[in-house]
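What the coordinates show
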Amino acid sequence: MSDPDETMPPTHQPYGGAGRSGDAPASGQGRPPEPQAPYGQASSAQGPYGQPPATQPYGQQPYGQPYGQQPYGQPYGYAAPTTTHPQANTALVLGIVAIGGMFVCGLPVLVSPFAWYVGAKAKREIEAEPGRWSGRSEANTGMVLGIVGTVLLGLGVLAAVLLVTLAVAGSSV
C-alpha cells in the first residue's frame, strides 16, 4: 500500500517553497529555500526597488549617481553650529540679579530696565539671524525678568512718593 502523504497535493507554505504540510525539505534538494522578504520590502540580496545593494565605502558616490549629489539626502557640507548670543546671557544674568537682589537689599532692582532693554535687543537680533545665533529663551527670560523688575521698581517709586506725600501732608496739619 502507498503512503498517504505521497498522494497529498503540495500546500502553500508562508515563507516560500512548496511541499507537503509538516514536511522538511527533501534531502535531495541540496539547500533549503531562501526566506522570502515580507510584502513591500526588498530581500536582503537586493537594495530598494530591486537594485543591487550599494557596496561602496562610506563617503563615495554610489554607481549611477550624478556628480555632486549627496547620497541618502544629506545636505552639501555641514551646517555651522549656532552660537549663543552674548547679550542673551547678559540679559538673563541682569534679570536674575534684579529680581533676586530686590529681596535682599532693594538696590539691584535698578538694573531691571537694562535687563529689559538688553533682552529685547538680543531677541530681535536672534530672530533676524536664526542660523547664526541661538539663545532666544535666555534673552526672552532676561527680558521678562526685566519687565517684572521694572514694574516692581515703578510700584516701589510710586509707594515712596505716596509715603513722602502723606508724611508732608501729615506734618503740615
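In what follows, the structure referred to is the one given above.
Everything in this summary refers to the structure shown in the same document. (Residues numbered from 1 in each chain as written. Predicted model: local features only at pLDDT ≥ 70, side-chain atom pairs only at ≥ 80, totals over all residues. Heavy atoms only, no water.)

**Some thoughts on the overall build of the protein**
Looking only at helices and strands, one finds three helices and four strands in the protein. From first element to last, N terminus to C terminus, the protein shows the α and β order β-β-β-α-α-β-α. Buried residues in the protein amount to 18% of all 173 residues. For the protein, the proportion of contacts with a sequence separation of at least 24, taken over those separated by at least 6, is 51%. Within the structure as shown, the protein displays about 13,300 Å² of accessible surface, and the carbon and sulfur contribution to it stands at 64%. (Helix = DSSP H or I, 4+ residues; strand = E, 2+ residues; numbered from the N terminus. Buried < 20%, exposed > 50% of the residue type's maximum accessible area, 1.4 Å probe, protein only. Contact = heavy atoms within 4.5 Å. Areas by Shrake-Rupley, 256 points an atom, 1.4 Å probe, with all protein chains shown as cover.)

**Quick notes on helix α2 (residues 112–128)**
Compared with the 24 Å implied by 1.5 Å per residue over 17 residues, the 24 Å span of α2 between its first and last C-alpha is a close match. Three or more residues of α2 are buried, namely Ser 112, Ala 115, Val 118, Gly 119, Ala 120, Ala 122, Lys 123 and Ile 126. Looking at the packing, one finds that the buried side of α2 touches α1 (86–104), β4 (133–134) and α3 (136–171). (Expected span 1.5 Å × (residues − 1).)

**With respect to α3**
For α3, built from 36 residues, the straight-helix expectation of 52 Å at 1.5 Å per residue is met to within 8% by its first-to-last C-alpha distance of 52 Å. Within α3, the full set of buried residues consists of Ala 139, Gly 142, Met 143, Gly 146, Gly 149 and Thr 150. The secondary structure elements touched by the buried residues of α3 are α1 and α2.

**Side note on the packing of α1 against α3**
Packing of α1 against α3 leaves a shortest axis separation of 7 Å and a crossing angle of 35 degrees. Between α1 and α3 the crossing geometry is left-handed. For the pair formed by α1 and α3, the contact residues are Ala 88, Asn 89, Ala 91, Leu 92, Gly 95, Ile 96, Ile 99 and Met 102 on the first element and Glu 138, Ala 139, Thr 141, Gly 142, Leu 145, Val 148, Gly 149 and Leu 152 on the second. Each residue belonging to the contact of α1 with α3 can be placed in one class, and the counts come to 10 nonpolar, five polar and one charged. (Axes fitted to C-alpha atoms, helices over the stretch in contact; angles between N-to-C directions. Left-handed = near helix turned anticlockwise from the far one by under 90°. Nonpolar A, V, L, I, M, F, W, Y, C, P; charged D, E, K, R; others polar.)

**Regarding the side chain of Lys 123**
Checked against the element boundaries, Lys 123 lands in helix α2. This buried residue, Lys 123, is left without a salt bridge; Glu 127 holds the nearest opposite charge, at 4.7 Å. Residues in contact with Lys 123, not counting those within four places in the same chain, are Arg 136, Ala 139, Asn 140 and Met 143. (Lys, Arg positive; Asp, Glu negative; His and termini not counted. Salt bridge = Lys/Arg side-chain N within 4 Å of Asp/Glu carboxyl O.)

**A look at a nonpolar patch on the surface**
On the surface, a cluster of nonpolar side chains totalling about 500 Å² of accessible area is made up of Val 144, Val 148, Val 151, Leu 152, Leu 155 and Leu 158. Judged by relative accessible area, Val 148 falls into the partly exposed class, the value being 37%. (Patch = residues over 30% accessible without salt bridge, like charges linked within 9 Å, V, L, I, M, F, W, Y side chains within 5 Å.)

**Quick word on the environment of Val 118**
By the element assignment, Val 118 lies in helix α2. Note on Val 118: relative accessible area 16%, which makes it buried. In the structure, Val 118 is positioned 29 residues away from Asn 89 in sequence and 9.7 Å away in space, judged by C-alpha atoms. Excluding residues within four positions of it along the chain, Val 118 makes contact with Gln 87, Thr 90 and Ala 91.

**Here's the deal with the packing of α1 against α2**
At a minimum axis separation of 8 Å, α1 and α2 run at an interaxial angle of 155 degrees. The pairing of α1 with α2 is recorded here as roughly antiparallel in orientation. For the pair α1 and α2, the crossing hand works out as left-handed. Along the contact surface, α1 presents Gln 87, Ala 88, Thr 90, Ala 91, Leu 94, Gly 95 and Ala 98, while α2 presents Ser 112, Phe 114, Ala 115, Val 118, Gly 119, Lys 121, Ala 122, Glu 125 and Ile 126. (Parallel < 35°, antiparallel > 145°, perpendicular 65-115°, else oblique.)

**Re the pattern of salt bridges**
Summed over all chains, the structure comprises two salt bridges. The partner of Arg 136 in a salt bridge is Glu 127, with the nearest N and O atoms 2.8 Å apart. On the accessibility criterion, Arg 136 (40% relative accessible area) is partly exposed. Across the pair Arg 132 and Glu 129 runs a salt bridge, and its minimum N-O distance is 3.7 Å. Of the residues examined, Arg 132 reaches a relative accessible area of 47% and is grouped as partly exposed. The exposure class assigned to Glu 129 is partly exposed, which follows from its relative accessible area of 37%.

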